[in-house]
Amino acid sequence: MLRAGIILALLGLAAAIGLVAWHGADDVLEAFGAAGWGIVWASLYHIFPLIIAARGWQVLMPGRGRPGLGFMWLVLWLRVSMNNLLPVARIGGEVLAARVMIKHGISKATAVASVVVDTTVSVITVLMFSLTGILLLAWHDPGTDIMLQLLAGVAVAAPVVAALVAVQRAGFFGLFAKMVKWFGGDRLKEFAGTGARFDRAIRAMYRRRGRVFESGFWILLSWMSGAGNIWLALWFLGHPLSVLDCLIIEAMIQAASSLAFAVPAALGAQEGAFFFFGGLLGLSPEVALALALMRRCRDIIIYVPGLIAWQIKEGHWLLRKKTA
């Protein structure tokens, strides 16, 4: 998986560089440079949607002793930093999140269940957000030919999401554990029991429907608040658009990034989406690509420190283990 991720990242990077070069690297960099310190301020705004998303994750946690919002934000920050920058197919971050929570005293079943349910709710809400963006784009420009293709993409994704939820409710970890036990015999009995505990914890979270819907509300709000990052970036670039237009761009970027989940940081796909949908909403090629560069700067400013914080934590755990 690591090798495939690296290959996809290199191909995506080549596509992004080619897109910038094709439309004039000097013009793109000139438009990008006009933002100045706005690059930093627009990037730091992303902390706000992460706080909202962390609240959506927090409400899923059971019991009075649920972790504080600050801790959930920290774990989410580490999780998305890994998923957005490393070739882990957006799975490694979930594993890291569960590991951090367990290290901080949360039970394995609760940690794994919360990650699984939060991920599922995130997938459902990003699908809803993408559909909202498509409908807004249709209202903005009824003559857009791409609309049917976009709606077809959502129609294909919907059954996949429904199947994901159905498999979880049927007991994915239990079924997987039975397969492992069948291959491994009695040596893996403990693993089978662990899988069953995970499934029970997941079902228990889904039974708290009020919390699941509240989680969905907060996570959907976090996706929508990402439009503020687009608005700020364009304002600093000197080419402001309406909040509605920024909402459409953000929805389409999230849809493109989700479809390109196997490509680290959605390299190439994200730049192409900025170029295409920005153009539909009146942005010149150089401004649209400058906006894409600002999004990349946001990833570096917000997520690279997250990877550093993760390594510090790993070093601390290793030192504590050796000392013990």
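Here goes a summary of the coordinates provided. Keep in mind that what you see is a predicted model, and the values were worked out from it rather than measured.

### Some points on the nonpolar core
Argument step 1. Core analysis: the largest hydrophobic core is formed by 42 residues, its most contacted members being Trp57, Met72, Val75, Leu76, Leu78, Met101 and Val117.
Argument step 2. Contributions of two or more residues to this core are made by helix H4 (47-58), helix H5 (69-85), helix H6 (92-103), helix H7 (108-140), helix H10 (189-207), helix H11 (209-225) and helix H15 (285-323).
Argument step 3. By size, the runner-up hydrophobic cluster in this structure holds 35 residues, among which are Leu136, Ala227, Leu247 and Ile253.

### Things to note about the pattern of salt bridges
Argument step 1. Taken as a whole and judged by the stated rule, the model has 8 salt bridges.
Argument step 2. Across the salt bridge formed by arginine 55 and glutamate 214, the nearest N and O atoms sit 3.7 Å from each other. Remark: glutamate 214 occurs in helix H11 and arginine 55 occurs in helix H4; sequence separation between them is 159 residues.
Argument step 3. What makes arginine 55 partly exposed here is its relative accessible area of 27%.
Argument step 4. Given the relative accessible area of 31%, glutamate 214 is considered partly exposed.
Argument step 5. Here aspartate 299 and arginine 296 are joined by a salt bridge, their closest N and O atoms 3.7 Å apart. Note that aspartate 299 and arginine 296 are positioned in helix H15 at a spacing of 3 residues, about one turn of the helix.
Argument step 6. In this structure arginine 296 comes out as buried when scored by relative accessible area, which is 13%.

### Concerning the packing of aromatic side chains
Argument step 1. This structure, assessed with the given rule, holds 6 aromatic pairs.
Argument step 2. Taking 6.5 Å as the distance between ring centres and 10° as the angle between the ring planes, the aromatic pair formed by tryptophan 231 and tryptophan 235 counts as stacked. In this pair, tryptophan 231 and tryptophan 235 both sit in helix H12 (residues 227-237), 4 residues apart, roughly one turn of the helix.
Argument step 3. Geometrically, the ring pair formed by tryptophan 235 and phenylalanine 236 is edge-to-face, given 5.1 Å between the ring centres and 75° between the ring planes.
Argument step 4. You can call tryptophan 235 partly exposed: its relative accessible area is 48%.
Argument step 5. A connected cluster of aromatic rings, assembled from ring pairs, spans Trp231, Trp235 and Phe236.

### Quick look at the environment of aspartate 118
Argument step 1. By the secondary structure assignment, aspartate 118 is in helix H7.
Argument step 2. Aspartate 118 gets classed as buried once you look at its relative accessible area, which sits at 3%.
Argument step 3. The sequence separation of aspartate 118 and alanine 53 amounts to 65 residues, and the corresponding C-alpha distance is 9.5 Å.
Argument step 4. Once you skip the residues sitting within four places of it in the chain, aspartate 118 turns out to touch Gly56, Trp57, Leu60, Arg79 and Ile219.
Argument step 5. In terms of polar contacts, aspartate 118 uses its side chain to reach the side chain of arginine 79, at 2.8 Å.

Parameters and conventions
Residues numbered from 1 in each chain as written. Predicted model: local features only at pLDDT ≥ 70, side-chain atom pairs only at ≥ 80, totals over all residues. Heavy atoms only, no water. Core = buried A, V, L, I, M, F, W, Y, C linked by side-chain atoms within 4.5 Å. Buried < 20%, exposed > 50% of the residue type's maximum accessible area, 1.4 Å probe, protein only. Helix = DSSP H or I, 4+ residues; strand = E, 2+ residues; numbered from the N terminus. Salt bridge = Lys/Arg side-chain N within 4 Å of Asp/Glu carboxyl O. Phe/Tyr/Trp six-rings, centres within 6.5 Å; stacked < 30°, edge-to-face > 60°. Contact = heavy atoms within 4.5 Å. Polar contact = N/O pair within 3.5 Å; in protein donor to acceptor, adjacent residues only side chain to side chain.

In short, geometric facts, not functional conclusions.
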